[in-house]
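Topology and contacts: notes
Below are the chains, spelled out letter by letter.
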Amino acid sequence: MADSHTEDSTQPELMEDGEPFLSNLDIFLFSLIAGLIIYWVMFRKKAEAIPEFKKLETPAPAARESSFIEKMKKTGKNIVVFYGSQTGTGEEFANRLSKDAQRYGMKGMAADPEEYDMSELSRLKEIDNSLAIFCMATYGEGDPTDNAQDFYDWLQESDADLDGVNFTVSFSSCFFFIFVNDDGNLEEDFVSWREQFWPAVCEHFGVEATGEESSIRQYEPFDSKNPFLSPVTVNRKLNKGGDRHLMHLELDITGSKIRYESGDHVAVYPTNDSNIVNKLGEVLGVDLDTVISLNNLDEESNKKHPFPCPTTYRTALTHYLDVTSCPRTNVLYELAQYASDPKDQENMRKMASSSPEGKALYQTWVLDSSRNILAILEDLPSLRPPIDHLCELLPRLQARYYSIASSSKVHPNSIHICAVVVEYQTKTGRTNKGVATNWLKNKVPTDNGHKATVPMYIRKSQFRLPFKSSNPVIMIGPGTGIAPFMGFIQERAWLKQQGKEVGETVMYFGCRHKNEDFLYQEELEAFEKEEVLTQLNVAFSRDQEKKVLPCTLLKLSEICGQELFSAGSGGLRYTKLGSSFMALINIL
């Protein structure tokens, strides 16, 4: 017994029945280790796939205009100021000189010689009364600036033929160089030089300063997006009789900083006749004062709305949409789906097609009959489109342009308009009225505190008097085509009053009856008496049994030495340079 007891005492002690093999601590540690292993297996960061990049097709850069000659021709400039600038001083002076040109009836542009093909200097004589100015800075030991280095090298190495562009007997063009450095008072030196430079240019070209010493703005204060609300100060009837209404309006631009030149156009934004707008609402059976917002379905489009929204149908139809022009075929095609009469649908789609029959129907039923959208809706009772779709389809109401009938030298704070009120009977028996002229007719100045205003801006024109006031001028403008010539004649009279040499000024004018529509008769006869007009040639087409035109095509050919235009070319604005004169023609 003793031996067996001794043997048992040497064996490990067994756990009692029901006691767990692992303690709570063991279980916790085992769970923690297992959890870490699972987390590592399941959620470890996997190697990121290397994205495949496709080579982008780089678009070729747009071709840059390297011809300063072509740019001058396109923009009507006759002075180019090249600058060599390291710190910006030469460029600033060049910009100031190019703006100065406006004071002398010229147009200038500043140019970096590094951006243009300077070998074209020999072509400068292609532009009448052209002038090149080089405003060149130096740095270091008199070295050319970086942007002028290539031009400097070209001058040193080139044997380009520049005959005709230096001072010559013809004086077709010339060069002036200014060298700018950092010594002394640059501004003082520049101003002193500038005061001597422009009188020398004027003497060289035989031109005079405009007398406008106020600030010349580089950017327009008002434009098509931001028109100026100009008060109407004068609105008078020009003709003494007849069934037409020819009018003269004067728009006040005092304080607007708007500048214009004789020959420019004034753009006005009219509104549609309220009677037409109201009838559209009645025909379509809608409340025109409903507030709407037409949103573009294409979210990527830059044009979110067809016109400013939110607005009302009345405002859209009055101010934004063209409701008086003949609808185009695409509008008819879109509207055809709303015609309940199958025959109307068929005809509308036919007119929108390219078939000869469809084209003929569109010509006779829409164009020849002068049917606008209201007339079409009235003549097709089954056609009743939703007004929102109609507003989407109609084109925008555009500005109307009129030749300015005044000179800014004489009338710096007002712009004159000469126009005939458009009103005629259509083949359907309707009376169609011109949108803008009838709107302007009702713009009457009042003394009750409410000023009639016209939204307007200036559109520049190339229709100009000759560069030199001593050049003779022949002007041909029947009817309201005389408008720009009133500004030209006023300007020639002003120059003469300043003691300047003014060449011969010949006017050809015509109208129907002398006692009814001889426009500006008193003013023209006064100009002739004062010898501003060398000749005033008039013709009154219906004062005798045989119709007489102001000047026939044959006469024009004789005047200008060649055929200018063929019959039926109405709406012509033409400038013809003769060997010793300028012919200006404005046929409406």
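Before reading further, recall that the structure is shown in the block above.
The following refers to the structure shown. (Residues numbered from 1 in each chain as written. Predicted model: local features only at pLDDT ≥ 70, side-chain atom pairs only at ≥ 80, totals over all residues. Heavy atoms only, no water.)

The next point concerns the overall build of the protein chain. Helix and strand counts for the protein chain stand at 18 helices and 20 strands. Per-residue burial for the protein chain yields a buried fraction of 41% across its 588 residues. Relative to all contacts within the protein chain whose residues are 6 or more apart in sequence, the contacts with residues 24 or more apart total 72%. Counting every atom, the protein chain has about 33900 Å² of accessible surface; 51% of that belongs to carbon and sulfur. (Helix = DSSP H or I, 4+ residues; strand = E, 2+ residues; numbered from the N terminus. Buried < 20%, exposed > 50% of the residue type's maximum accessible area, 1.4 Å probe, protein only. Contact = heavy atoms within 4.5 Å. Areas by Shrake-Rupley, 256 points an atom, 1.4 Å probe, with all protein chains shown as cover.)

What follows covers the packing of helix α15 (residues 483-497) against helix α17 (residues 521-529). The N-to-C vectors of α15 and α17 enclose an angle of 35°; their axes lie 12 Å apart at closest approach. Both α15 and α17 take part in a crossing whose hand is left-handed. The segment α15 lies against α17, with M486, I489, Q490 and A493 engaging E523, L524 and F527. Across the contact of α15 with α17, the residue classes break down as five nonpolar, one polar and one charged. (Axes fitted to C-alpha atoms, helices over the stretch in contact; angles between N-to-C directions. Left-handed = near helix turned anticlockwise from the far one by under 90°. Nonpolar A, V, L, I, M, F, W, Y, C, P; charged D, E, K, R; others polar.)

For the rest of this paragraph, the subject is the packing of helix α4 (residues 89-100) against helix α6 (residues 186-205). Contact geometry of α4 with α6 gives a least axis separation of 12 Å together with a crossing angle of 30°. Our classification of the angle between α4 and α6 gives roughly parallel. Pair α4 / α6 crosses with right-handed handedness. Residues T89, F93, R96, L97 and D100 of α4 touch α6, and the partners they reach there are L186, E187, F190, V191, W193, R194, F197 and W198. The class makeup of the residues in the contact of α4 with α6 is eight nonpolar, one polar and four charged. (Parallel < 35°, antiparallel > 145°, perpendicular 65-115°, else oblique.)

The next subject is the nonpolar core. Ranked by internal contacts, the top residues of the largest apolar core, which has 35 residues, are F307 and L317. For this core, the elements supplying multiple residues, two or more each, are α7 (274-284), α8 (313-320), α9 (329-335), α10 (342-351), α11 (356-367), α12 (373-379) and α13 (387-393). Ignoring any residue separated from it by four or fewer positions in sequence, one finds F307 in contact with I292, L294, A316, Y320, L321, C391 and R396. A483, F485, L519 and L533 belong to the second largest nonpolar core, which has 27 residues in total. (Core = buried A, V, L, I, M, F, W, Y, C linked by side-chain atoms within 4.5 Å.)

Okay, helix α3 (residues 68-75) next. Buried within α3 are the following residues: F68, I69 and M72. Down the axis, α3 shows its buried residues gathered within 105° of arc, on one side only. Of the surrounding elements, those touching the buried residues of α3 are β1 (79-84) and β2 (108-111). With its phi angle positive at about 70°, G76 sits one or two positions after the end of α3. (Arc of directions from axis to C-beta.)

Between two aromatic rings, the relevant description is the distance of the centres plus the angle of the planes. Under the counting rule described, the total for this entry stands at 19 aromatic pairs. With a centroid separation of 5.0 Å and 55° between ring planes, the pair formed by F222 and F228 is classed as tilted. Accessibility expressed as a relative area gives 14% for F228, which makes it buried. The structure contains a cluster of three or more aromatic residues connected by ring pairs, namely F68, F82, Y116, F134, F151 and W154. Here R371 stacks its cationic end above the ring of W365, 4.1 Å away from the centre of that ring. The ring of Y401 has R459 sitting right over it, with the charged end atom 3.7 Å from the ring centre. (Phe/Tyr/Trp six-rings, centres within 6.5 Å; stacked < 30°, edge-to-face > 60°. Lys NZ or Arg CZ within 6 Å of the ring centre and 35° of its normal.)

Here α6 contains 20 residues, and its C-alpha end-to-end distance of 28 Å stays within 8% of the 28 Å for a straight helix at 1.5 Å per residue. Residues of α6 that are buried include every one of F190, F197, W198, V201, C202, H204 and F205, and no others. Looking one or two residues beyond α6, the residue adopting positive phi is G206, at roughly 70°. (Expected span 1.5 Å × (residues − 1).)

Interpretation in functional terms is not warranted from these geometric data alone.
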